[in-house]
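# Observations on the three-dimensional arrangement
Each chain, letter by letter, is given below.
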Amino acid sequence: MASDPQVEQLRSLTAEVLGVDESDITDDSSSKTIPQWSSFNHLTLMSTVEETFGLTFSMQEMTDLQTFRDLVNLVHSHVA
Amino acid sequence: MTTHVTSTGFIDDLKAAIKFAQELSREGKTDEAERQWRSILEVHPDSLAATKGLVQILNSRGEQGLAQDQLRRFVSAYPIHANVLAAAQQWEAWEKTGDDVKRIRIAIVGSGTLNSLSSYLRVAVASVGLQPVVYTGEFGQWAQDLLAPDSPLFKFAPEIIIIAVDTQTLFPVNALKFAPTAEEIDVELKSGIAHINELLSSAQKYAPAATVVLHTMAVPDYSPLGILDLSSQGGQRQRIEAINAAILSLLQEQYKRVIPLDLERIEARHGKSNVRDERMWYMASIPYDPSFMAVLSREYLRTIVAVRGLTKKCIVLDLDNTLWGGVVGEDGYNGIKLGGTAAPGNAFADFQKALDTLRQRGILLALCSKNNAADVWPVIDNHPGMVLKREHFAAVRINWQDKATNIVEIARELNIGLDSLVFLDDNPAERGLVRQQVPQVTTVEMPKDPAYYTRTLLSLDLFETVALTEEDLRRGALYQEQQARKQFEESTAEAGDLKAYLRGLQIQIKIDTANSFTIPRIAQLINKTNQFNVTTRRYTEAQVRSMAEDIDNWGVYSINVSDRFGDSGLTGVALVEKSRDSWKIDSFLMSCRVLGRGIEDALLHKIITDAKAHGAQELIGEFIPTEKNAPSADFFVNQGFTFIEEANTAMIWKLEVSARGHTMPDWLIEL
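Residues numbered from 1 in each chain as written. Chains lettered and ligands numbered in written order. Predicted model: local features only at pLDDT ≥ 70, side-chain atom pairs only at ≥ 80, totals over all residues.

Per the secondary structure count, chain B includes 27 helices and 19 strands. A globule of 671 residues ought to have a C-alpha radius of gyration of about 26 Å, and chain B, at 28 Å, matches this closely. When its C-alpha atoms are laid out on the principal axes, chain B stretches across 75 × 70 × 65 Å. Across the 671 residues that make up chain B, the buried fraction comes to 40%. Pairs at least 24 residues apart make up 66% of the contacts formed inside chain B by residues separated by at least 6 positions. (Helix = DSSP H or I, 4+ residues; strand = E, 2+ residues; numbered from the N terminus. Rg over C-alpha atoms; globule rule 2.2 N^0.38 Å. Buried ≥ 20, exposed ≤ 12 C-beta atoms within 10 Å, placed from the backbone. Contact = placed C-beta atoms within 7 Å.)

Below is the structure:
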């Protein structure tokens with residue numbers, strides 16, 4: 001994806017929550033590729049994104065979300 | 001060198017500025033990196049990345065105190081979930097470094113996933129200047145943690161144990177079943193109480209020095225019986241109240257030092273619907289919403305502050321628009337709003353009532369007002385709306401001097417540290433000045449509307465104690481008696497005869513070894529006394545009890561003082577470690593109120609007499625200097641000890657017990 005500011009903000013946030021470098025977060029990043037993406041950190045990530053963007057995700061949306069790309073799409077769909 | 005901060009002070013690209021600071025840091029250019037982080041924070045004070053960057057730099061330079069201040073201020077100003085978790089991580093990293101004296105070991109176990117709650121707890125504990133060291137029980141493992149003597153919890157050696165098992169886990173039938181039979185209710189009640197008894201008994205046995213905080217049972221948001229719950233015999237609410245009554249009964253009978261937490265009240269206050277995020281509960285068994293975790297951790301903090309003796313001792317109060325509506329110098333006696341049924345007079349009266357309740361609990365009140373005394377006293381003495389009276393104020397400064405100077409004088413007059421004071425004033429300019437000039441004082445941010453004053457006061461978690469002693473209940477009166485003593489001193493001082501003054505006081509003393517009535521007060525003094533305290537060692541009530549029971553190895557002494565002006569109560573403590581030939585003074589402390597009258601000589605004399613009788617040859621004293629205990633620095637030399645050596649931070653002194661008789665002051669009457 002192009003350097004859309006919202007995407008970059010999400011990348012920064014994700015890196016912060018997982019405790020990794022921003023350069024480690026790619027579209028395909030997921031709990032399968034990043035060991036720090038534990039189930040607990042997944043929920044922390046969801047809460048942090050909700051708080052930052054003022055959104056509320058459903059349980060289904062949070063459990064369906066696998067990759068960073070999914071996260072970007074989810075936020076876009078809520079904000080749009 | 002670009003800092004990405006333009007001349008107008010805006011950062012055009014925050015991300016680039018952060019990246020740049022990170023590069024500087026990686027290159028080892030710490031001073032430049034620090035400048036960069038600070039410029040970013042000036043424009044974006046809510047930047048977590050910049051705060052973390054700055055904290056890291058300060059840490060690497062060994063300036064941990066500054067780093068901690070920075071982090072504390074940040075998370076206090078921006079307490080969002082992400083910041084709390086990040087700050088908690090940093091506090092966790094600091095667990096093994098820094099001042100031992102500030103560390104507090106807390107274990108938290110219970111139902112559900114408690115890791116986030118631990119993070120909120122870390123941040124709450126850090127906010128009062130302590131270093132949290134937290135053990136979080138694994139999911140569902142509270143019984144294993146508390147029942148096995150060699151469990152990781154007991155190995156952790158906690159000072160505080162929080163047991164947070166919920167109603168639905170311990171009492172599922174009572175909490176949720178539609179129409180349980182009387183037998184089902186009773187069987188579950190008994191087995192649930194037995195389980196709690198097991199947990200507490202084991203905690204008492206394997207962590208006897210720890211203070212336990214036990215969640216009582218909260219009532220579920222809804223009852224299976226709907227609106228018929230209360231009118232049905234044995235409805236859900238009544239069943240849970242019966243369970244809580246049984247818990248409190250157990251505590252009163254066998255576990256008097258366990259602190260029950262009124263979870264139902266805390267949840268109700270927050271709003272039951274705000275307590276849990278059901279999504280997080282269903283997905284990960286996280287029992288509480290972040291907003292409630294913030295509240296709950298501050299409730300835990302009340303106990304922690306009390307156990308650690310960090311309770312504030314005095315509230316300094318403004319008058320105009322703080323204790324009454326209006327400005328007495330302008331509106332006059334009849335123009336101010338106080339008391340009665342109309343607003344805001346009724347709000348101010350309630351506020352005074354709440355302050356009076358704290359006073360009755362042992363917190364001192366002081367006045368600091370910019371006014372003419374002639375305008376003020378008629379109101380305080382005569383106005384029908386006044387709840388607080390002249391004699392309720394332990395210190396008064398009514399003048400036109402700046403409040404910071406007045407507050408420093410008040411602290412000195414009351415002989416308490418500035419960090420024991422809380423300042424309440426409606427005027428933001430006054431608050432700002434005091435915050436700046438005397439930052440050690442806790443200046444409370446008052447709401448603009450007096451309607452909210454009482455709630456603001458009650459929500460402060462600074463005034464808790466773990467035991468209400470007689471001294472607490474009499475403290476106000478004690479300060480009044482002190483005024484009378486001062487006046488007597490002034491009159492005899494004119495004659496220049498100190499001995500006449502001392503004899504004239506007719507001081508009576510009573511020296512005892514500790515018993516179960518005096519132990520709470522002894523522990524309280526041990527934890528609060530800073531100035532006349534030779535070693536400033538802190539012990540919990542449980543630890544003092546252990547020492548008092550171990551009469552072969554320990555002597556726990558207390559001294560009670562009274563004179564013709566009043567009874568000061570138990571005001572001195574000594575802990576002495578006994579061995580066959582040599583006794584060592586582990587702690588020797590005295591309330592400042594009774595210094596200068598030979599009380600410390602009397603207590604020491606008793607210890608020397610006992611040591612002699614026991615066959616010991618020498619008495620060892622230790623002086624460990626702190627910021628506050630200069631008043632006790634000369635104690636040992638004045639008592640005839642000889643200096644032996646300096647060991648680490650301690651100065652070691654010795655007295656040959658048989659040498660030149662140490663005498664009891666002749667103006668004291670020993671009971």
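Another aspect to go through is the overall build of chain A. When its secondary structure is counted, chain A shows 4 helices and 0 strands. Each helix and strand of chain A, placed in order from N terminus to C terminus, yields the pattern α-α-α-α. By the burial criterion, 25% of the 80 residues in chain A qualify as buried. Across chain A, contacts joining residues at least 24 apart in sequence account for 51% of those joining residues at least 6 apart.

Residues and elements named next belong to chain B. Taken in spatial order, the 5 strands line up as 2-1-3-4-5 in an open sheet, and their pairing is parallel. What marks the edges here is a single partner per strand, and that holds for strand 2 (131–136) and strand 5 (259–261). Each strand of the sheet is rotated relative to its neighbour by a mean of 20°, with strand direction disregarded. Here 6 bridges tie strand 1 (residues 103–110) to strand 2, and the two strands are oriented parallel to one another. Bridging across to strand 2, Ala107 finds its partner in Tyr135. (Pairing = 2+ DSSP bridges. Axes fitted to C-alpha atoms, helices over the stretch in contact; angles between N-to-C directions.)

The next subject is the packing of helix 2 (residues 30–43) of chain B against helix 3 (residues 48–60) of chain B. Between two packed helices, what matters for the description is the angle formed by their axes and the separation of those axes. All names here are of chain B. One way to put it is that helix 2 packs onto helix 3 with a least axis distance of 9 Å and a crossing angle of 150°. Relative to helix 3, helix 2 is oriented roughly antiparallel. Note on packing geometry: the crossing formed by helix 2 with helix 3 is left-handed. The residues of helix 3 that touch helix 2, namely those facing Thr30, Ala33, Glu34, Trp37, Arg38, Ile40 and Leu41, are Ala50, Thr51, Gly53, Leu54, Ile57 and Ser60. Taken together, the residues that form the contact of helix 2 with helix 3 break down as 7 nonpolar, 4 polar and 2 charged. (Parallel < 35°, antiparallel > 145°, perpendicular 65-115°, else oblique. Left-handed = near helix turned anticlockwise from the far one by under 90°. Nonpolar A, V, L, I, M, F, W, Y, C, P; charged D, E, K, R; others polar.)

Backbone geometry follows two general trends: most residues other than glycine have a negative phi, and most peptide bonds adopt the trans configuration. All names here are of chain B. A cis amide bond links Ala343 to the next residue, Pro344, at an omega of -10°. The topology assignment puts Pro344 in the loop between helix 16 (328–335) and helix 17 (345–360). At Ala157, a residue that is not glycine, the phi angle is positive and equals roughly 55°. Its place among the elements puts Ala157 in the loop between helix 8 (152–156) and strand 3 (160–164).

Moving on: the nonpolar core. Residues and elements named next belong to chain B. With 142 residues, the main nonpolar core has Ile108, Ile163, Cys314, Val316 and Ala366 as its most contacted residues. Broken down by element, this core gets its largest block of residues, 10 residues, from helix 15 (residues 290–307). Not counting residues within four places of it along the chain, the set of residues in contact with Cys314 comprises Ile363, Leu364, Ala366, Ala394, Leu414, Ile416, Ser420 and Leu421. (Core = buried A, V, L, I, M, F, W, Y, C linked by C-beta atoms within 7 Å.)

Here we take up helix 6 (residues 115–126) of chain B. Residue and element names in this part refer to chain B. For helix 6, built from 12 residues, the straight-helix expectation of 16 Å at 1.5 Å per residue is met to within 8% by its first-to-last C-alpha distance of 17 Å. Extensive coverage of helix 6 is indicated by the burial of 11 of its 12 residues. The set of residues buried in helix 6 consists of Ser116, Leu117, Ser118, Ser119, Tyr120, Leu121, Arg122, Val123, Ala124, Val125 and Ala126. Buried residues belonging to helix 6 abut helix 4 (64–77), helix 5 (81–93), strand 1, strand 2 and helix 15. (Expected span 1.5 Å × (residues − 1).)

Right, let's get into helix 3 of chain B. Because the α-helix completes a turn every 3.6 residues, residues three or four places apart line up on one side. Residues and elements named next belong to chain B. Between its first and last C-alpha, helix 3 extends 18 Å over 13 residues, near the 18 Å set by a 1.5 Å rise per residue. Among the residues of helix 3, those classed as buried are Ala49, Ala50, Thr51, Lys52, Gly53, Leu54, Val55, Ile57 and Leu58. Against helix 1 (14–26), helix 2, helix 4 and helix 5 lie the buried residues of helix 3.

It is worth spelling out the interface of chain A and chain B at this point. On the chain B side, the residues contacting the 13 residues of chain A number 12 residues. Of all elements in the fold, only helix 1 (5–18), helix 2 (39–53) and helix 3 (59–64) of chain A reach the threshold of two or more residues within the side of chain A that touches chain B. Take the side of chain A that touches chain B: its biggest share by element is 7 residues, from helix 2 of chain A. Its residues assigned to classes, the side of chain A that touches chain B comprises 5 nonpolar, 5 polar and 3 charged.

All names here are of chain B. Ordered by their spatial adjacency, 5 strands build an open sheet running 8-7-6-9-10, and the pairing between neighbours is parallel. At either end of the open sheet lies a strand with only one pairing partner, and these are strand 8 (393–398) and strand 10 (442–443). The sheet contact formed by strand 6 (residues 314–317) and strand 9 (residues 421–424) spans 4 bridges and is parallel. From the neighbouring strand, Ile315 faces strand 9, where its bridge partner is Val422.

All names here are of chain B. Residues with a pLDDT of 70 or more make up 97% of chain B, whose mean pLDDT is 92. Across residues 1–10, confidence stays below pLDDT 50; counting only partners more than four residues off in sequence or on other chains, it has 14 contacts. Our summary of model confidence lists the complex with pTM equal to 0.80 and ipTM equal to 0.92. (pLDDT = per-residue confidence, 0-100.)

Residues and elements named next belong to chain B. Counting buried residues in strand 13 (residues 554–563) gives 7 out of 10 residues, a clear majority hidden from the surface. Summarising the sheet, strand 11 (residues 508–513) and strand 13 pair through 6 bridges and their orientation is antiparallel. Across the sheet, the residue bridging to Ile511 is Ile559, located in strand 13. Relative to strand 14 (residues 566–578), strand 13 runs antiparallel, the two sharing 10 bridges. When the bridges of strand 14 are listed, Ser562 appears paired with Asp567. The antiparallel hairpin formed by strand 13 and strand 14 contains 2 residues in its connecting segment.

It is worth spelling out the domain arrangement of chain B at this point. You can read the domains of chain B as domain 1 (1–77), domain 2 (79–307), domain 3 (314–459) and domain 4 (476–670). On a C-alpha basis, the centroid separation for the pair domain 1 of chain B and domain 4 of chain B is 50 Å. (Domains from an automatic or database assignment.)

Another aspect to go through is the environment of Leu41 of chain B. Residue and element names in this part refer to chain B. Counting through the fold element by element, Leu41 comes out in helix 2. Each C-alpha atom of the pair Leu41 and Ser118 lies 28 Å from the other, and the pair is 77 residues apart in sequence. Beyond its immediate chain neighbours, meaning those up to four positions away, Leu41 contacts Ser47, Ala50, Thr51 and Leu54.

The next point concerns the environment of Tyr288 of chain B. All names here are of chain B. Looking at the element boundaries, Tyr288 is found in the loop between helix 14 (278–284) and helix 15. Given 26 C-beta atoms within a 10 Å radius, Tyr288 is considered buried. Along the sequence, Tyr288 and Ile526 sit 238 residues apart, while their C-alpha atoms lie 36 Å from each other.

So, on to the environment of Pro224 of chain B. Residues and elements named next belong to chain B. Tracing the sequence through the fold places Pro224 in the loop between strand 4 (211–215) and helix 12 (236–254). Given 15 C-beta atoms within 10 Å, Pro224 falls into the partly exposed group. In this structure the C-alpha to C-alpha distance between Pro224 and Phe178, which are 46 residues apart in sequence, comes to 5.4 Å. Not counting chain neighbours up to four residues away, the residues in contact with Pro224 comprise Leu176, Phe178 and Gln236.

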